[in-house]
Amino acid sequence: MREQILKYFKQDKLPHVFCPGCGNGEVMHAMAQAIDELGWDPTQILIVGGIGCSSRIATYTIFDSLHTLHGRPVAFAVGAKLANPNLKVIIVSGDGDASSIGGNHLIHAARRNMDLTLFIVNNYTYGMTGGQYSPTTPLGSFTTTSPCGHVEEPFSITDLLVGAGAPFVARTGTLYFNELVKLMKLALAKNGFAAIDIFTQCPTNYGRNNRLGKPIDLIKTQASILVPKEKYDLLEPGDRVGKFARGVIQDVEKPTFLDHYRACILSTRKAVHHE
Amino acid sequence: MAIELIEGSLAIAHGAALCRPGVISAYPITPQTHIVEDLAKMVADGQLKTEFVNTESEFGAASVVLGALAGGSRAYTATTSQGLALMLEVLYNCAGMRLPLVMCCANRSLSAPLSIWSDQQDAMLMRDSGFIMGFAEDAQEALDLHIMGYKIAEDERVQLPYMVNVDGFLITHTFEPVNIPDQKLVDEYLGSYKPFQVLDPANPITMGCFTEPAYHMDVRYQMHKANLESTKVIEEVAASFEKKFGRPSGGLIRNYKLDDADTVVVAMGSITGLVEEAVDTLRGKGQKVGLLKIKTLRPFPTDKVREALSGKKHVVVMDRAMSAGYGEILGSEIKAALYGTPNPPAIDSFIYGLGGRDIHEDEIIGMINRPNPGTHRSEWVGLRPDLLEE
Ligand SMILES: Cc1ncc(C[n+]2csc(CCOP(=O)(O)OP(=O)(O)O)c2C)c(N)n1
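Please read these numbers as outputs of a predicted model, since none were measured by experiment.

Cut-offs applied
Residues numbered from 1 in each chain as written. Chains lettered and ligands numbered in written order. Predicted model: local features only at pLDDT ≥ 70, side-chain atom pairs only at ≥ 80, totals over all residues. Helix = DSSP H or I, 4+ residues; strand = E, 2+ residues; numbered from the N terminus. Rg over C-alpha atoms; globule rule 2.2 N^0.38 Å. Buried ≥ 20, exposed ≤ 12 C-beta atoms within 10 Å, placed from the backbone. Contact = placed C-beta atoms within 7 Å. Pairing = 2+ DSSP bridges. Axes fitted to C-alpha atoms, helices over the stretch in contact; angles between N-to-C directions. Nonpolar A, V, L, I, M, F, W, Y, C, P; charged D, E, K, R; others polar. Parallel < 35°, antiparallel > 145°, perpendicular 65-115°, else oblique. Core = buried A, V, L, I, M, F, W, Y, C linked by C-beta atoms within 7 Å. Domains from an automatic or database assignment. Expected span 1.5 Å × (residues − 1). Bend = angle between axes of the 7 residues up to and from the residue.

*Asks:* What is the right way to look at the overall build of chain A in this model?
*Replies:* Helix and strand content of chain A: 12 helices and 10 strands. For 275 residues, the compact-globule formula gives about 19 Å, and the C-alpha radius of gyration of chain A, at 19 Å, lands near that figure. Each of the three principal axes of chain A carries a C-alpha extent, and together these read 70 × 50 × 30 Å. Each of the 275 residues in chain A was classed as buried or not, and the buried ones make up 50%. Considering only residue pairs separated by 6 or more positions, chain A has 65% of its internal contacts joining residues 24 or more positions apart.

*Asks:* Help me understand the sheet that holds strand β3 (residues 88–94) of chain A, please; the structure alone is not making it clear to me.
*Replies:* Pairing between sheet strands relies on hydrogen bonds along the backbone, with the strands arranged either parallel or antiparallel. Residues and elements named next belong to chain A. Strand order across the open sheet formed by eight strands is β2-β1-β3-β4-β8-β7-β10-β9, with mixed pairing between neighbours. Lying at the two open borders of the sheet, with one neighbouring strand each, are β2 (64–67) and β9 (226–228). Between one strand axis and the next, the sheet turns through 25° on average, direction left out of account. Taken strand by strand, helix α7 (residues 177–189) contacts β4 (117–122), β7 (168–173), β8 (194–199) and β10 (244–251), and its axis lies near 165° from that of β7.

*Asks:* Can you help me understand the interface of chain B and chain A in this one?
*Replies:* Accessible area lost during the coming together of the parts is what is often quoted as the interface size. If you look at the interface, chain B gives 14 residues, while chain A gives 17 residues. Broken down by element, the residue count for the side of chain B that touches chain A peaks at five residues, all from helix α2 (residues 33–44) of chain B. Among the residues making up the side of chain B that touches chain A, the classes are represented as five nonpolar, six polar and three charged.

*Asks:* So what exactly am I meant to see when it comes to the packing of helix α3 (residues 73–83) of chain A against helix α5 (residues 103–112) of chain A here?
*Replies:* Two quantities define a packed helix pair, namely the angle between the axes and the distance from one axis to the other. Residue and element names in this part refer to chain A. Contact geometry for α3 and α5: axes closest at 8 Å, N-to-C directions at 40°. In terms of orientation, α3 lies oblique with respect to α5. Contacts between α3 and α5 involve Val74, Ala75 and Val78 from the former and His105, Leu106 and Ala109 from the latter.

*Asks:* Quick question: what am I supposed to make of the nonpolar core here?
*Replies:* Taken as a class, soluble globular proteins show a tendency for nonpolar side chains to be buried jointly. Counting 115 residues, the largest nonpolar core has B:Leu39, B:Val65, B:Ala142 and B:Val266 as the members making the most contacts within it. Residue contributions to this core peak at nine residues, all from helix α6 (residues 139–153) of chain B. Among the domains, domain 1 (2–192 + 210–245) and domain 2 (253–387) of chain B are the pair contributing at least three residues each to this core. Counting 61 residues, the second-largest nonpolar core is a separate cluster that includes A:Val92, A:Met114, A:Phe168 and A:Leu218.

*Asks:* Hey, could you run me through the environment of B:Ile132 in this one?
*Replies:* Residues and elements named next belong to chain B. Structurally, the position occupied by isoleucine 132 is in strand β6 (residues 132–135). A residue is classified by how many C-beta atoms lie within 10 Å of it, and isoleucine 132, with 28 of them, is buried. Filtering out sequence-adjacent residues up to four positions away, isoleucine 132 remains in contact with Ile152, Ala153, Leu160, Tyr162, Met163, Asn227, Ser230, Thr296, Arg298 and Pro299.

*Asks:* Would you explain the environment of A:Ala164 in this entry?
*Replies:* Residue and element names in this part refer to chain A. Structurally, alanine 164 can be placed in helix α6 (residues 157–164). Placed 56 residues apart in sequence, alanine 164 and histidine 108 show a C-alpha to C-alpha distance of 7.3 Å. Setting aside residues up to four positions removed in sequence, alanine 164 forms contacts with Ile107, Ala110 and Arg111.

*Asks:* How do you make sense of unusual backbone geometry when you look at a structure like this?
*Replies:* The bulk of non-glycine residues show a negative phi, and the bulk of peptide bonds are trans. Here the bond from B:Ala112 into B:Pro113 is cis, since omega is -5°, no more than 30 degrees from zero. Counting through the fold element by element, B:Pro113 comes out in the loop between β5 (102–107) and α5 (121–124). The omega torsion across B:Arg298 and B:Pro299 is 0°, close enough to zero to call that bond cis. With respect to the helices and strands, the residue B:Pro299 is situated in the loop between β12 (296–298) and α10 (302–309). With a phi close to 50°, A:Arg211 is a non-glycine residue in the positive phi region. Within the secondary structure, A:Arg211 sits in the loop between α8 (203–209) and α9 (215–220). Here A:Arg211 falls in the exposed class, since 8 other C-beta atoms lie within 10 Å of it. One non-glycine residue with positive phi stands out, namely B:Gln159, at about 50°. You can see B:Gln159 is positioned in the loop between α6 and β7 (162–167). Taking the number of C-beta atoms within 10 Å as the measure of exposure, B:Gln159 has 19 and is therefore partly exposed.

*Asks:* Explanation requested: helix α4 (residues 81–96) of chain B in the structure shown.
*Replies:* Count 3.6 residues to each turn of an α-helix, and residues three or four apart come out pointing the same way. Residues and elements named next belong to chain B. An ideal rise of 1.5 Å per residue puts 22 Å on 16 residues; α4 measures up with 22 Å between its terminal C-alpha atoms. The sharpest bend along α4 reaches about 60° and sits at leucine 88. Of all the positions in α4, only Ser81, Gln82, Gly83, Leu84, Leu86, Met87, Val90, Leu91, Cys94 and Ala95 are classed as buried. Each element contacted by the buried residues of α4 is listed here: α3 (58–70), β4 (75–79), β5, α5 and α8 (213–245). Looking one or two places after α4, you find arginine 98, whose phi comes out positive at around 60°.

*Asks:* Which parts of the structure should I look at to understand the domain arrangement of chain B?
*Replies:* Residue and element names in this part refer to chain B. Each assigned domain of chain B is listed with its residue range as follows: domain 1 (2–192 + 210–245) and domain 2 (253–387). Across the boundary between the two partners, domain 1 contributes 26 residues, which contact 20 residues of domain 2. Mapped onto the side of domain 1 that touches domain 2, the elements with two or more residues apiece are α5, β6, β7 and α8. Examining the composition of the side of domain 1 that touches domain 2, we find that five residues originate from one element, α8, more than from any other. Across the side of domain 1 that touches domain 2, the residue classes tally to 11 nonpolar, 10 polar and five charged.

What follows is the structure in structure tokens.
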């Protein structure tokens, strides 16, 4: 098993830079396992990261990788996919990278239904820069920029993406490793924009600022925040506060940007050449 | 006044807080983070009364402070590198609208390749923006330039934004004794912000409006002229600051052992401390060497530079940034300033310290004593040996 997973990583680059107890290792592992179980050819995969601790995952895998700018991996990935539609394009991005500075690219890639797979590593904070609040930081929690408790409501990234038109949206956490692998396989295999909001732990910043104890204690908090989708749907609106559905949130079929684009080319050709 | 041993970032935060900005907005980026975290803490502790807005990007932060200034409030932001690049569109607008923002840039290299370490490449993005650009030598000057920055920017004759450049890490993350002025003195010195133009529903105006070709050039000329003429205000402010706070700081240029020097090093930012040591070492060996510190890059102090370097035999310019496809930046500005002056010195220029590459005193001495003065242009110092062809 270990060899099976390790072969997807540049071993001369290991050990990685992540802090002890960080969830990025679990996400990396789950991703490699999902790709392995799907039997994908690593040479046909491009992995794109932005800037952030989680985005550095893209620099450890053996796939072609593009380490881009903070907030821009989705936009870079759109370009790469259009240049070579045969590529399997995976994006790894933090909650800050994807939904604050990069929020604009995120919603438009979902709306256009670009055939991309996006893993959002959501540790509710800007880990790399020292634990400032992000758009997913829970109300009331402590970060270096909310020393008296956070006064803003967090995003539900999955609601945002469903609203923007993404055909596949899911959520889980590092506590649910097997579910994570399963969802990753579904997302990777999806034809169209597919995103997973992955709740994860940042013991060094978020955990410490909120006195949440050891990494394992921090991981366990996911059990009280993440509720299986079927149960979540039955909750009264008041009981949903501070909770998030996990599992597949949205899975529908719709034509991708490339489908529309190809159809447009064909019909234009027909009109011009009277084919 | 109290002298405290503090981190450069905290000195900068004090500098900003003492000026009582009504709105602060920022997005975190290394090595700027400590500055805004210190400010956030002052706000949380009730020491600083201001609206502190953490935005979703630097683009948002720059937009918030622009709006605050247009609404009549003093405003502040800090960033660096990629964050500055992202702010650029707004910052050019800020200068064009003649809004007296003061911002700090913890100078850092630009991607790619990604590096969080210090150089002054990011500052060069702003060279042609209309901002007045000061460069601090140490934490004390970084603090002082904030106070002087508002004084200059808000002067009726100027009305332009001011950028305080401080070398990232080298100044922001080192601890130095810093004299933190009394709030009362700063209040007396600065006064409250009196905007010349403000968005007021009772008296509506448009800022940043569309200009036809018949007007655009003229408005740009006015901004350029105000920037050029601010040299006078910058000198006045350096003098009044020294009088009020009791120490020399900022200004256009500063000299070190320059008067009788034959050879003069020209440099900008925190490196000047190390150059002073090199000057002393060489003077100990009987070499007449001096230093010219560029404290203000825009407006470029052409007259001062000419005056300081006239009659010198040899000038060595050190650049911590480069213009790809050309080379030297400060070097070419110094050359342009001296062009056409009688008997100009031999000029050499060197590019050093990009992306945090260390530089040592013996390397500076090596630049000064390179054989064949006047034949070295944009020479890169400290490159990996395998990249050098000779
Ligand atoms: C334009 C720009 N602004 C700010 C930064 C500084 N920066 C680097 S990573 C980061 C936040 C990272 O948070 P997130 O995306 O949630 O990822 P994490 O590190 O938590 O995995 C920030 C603000 C940057 N690199 N570029």
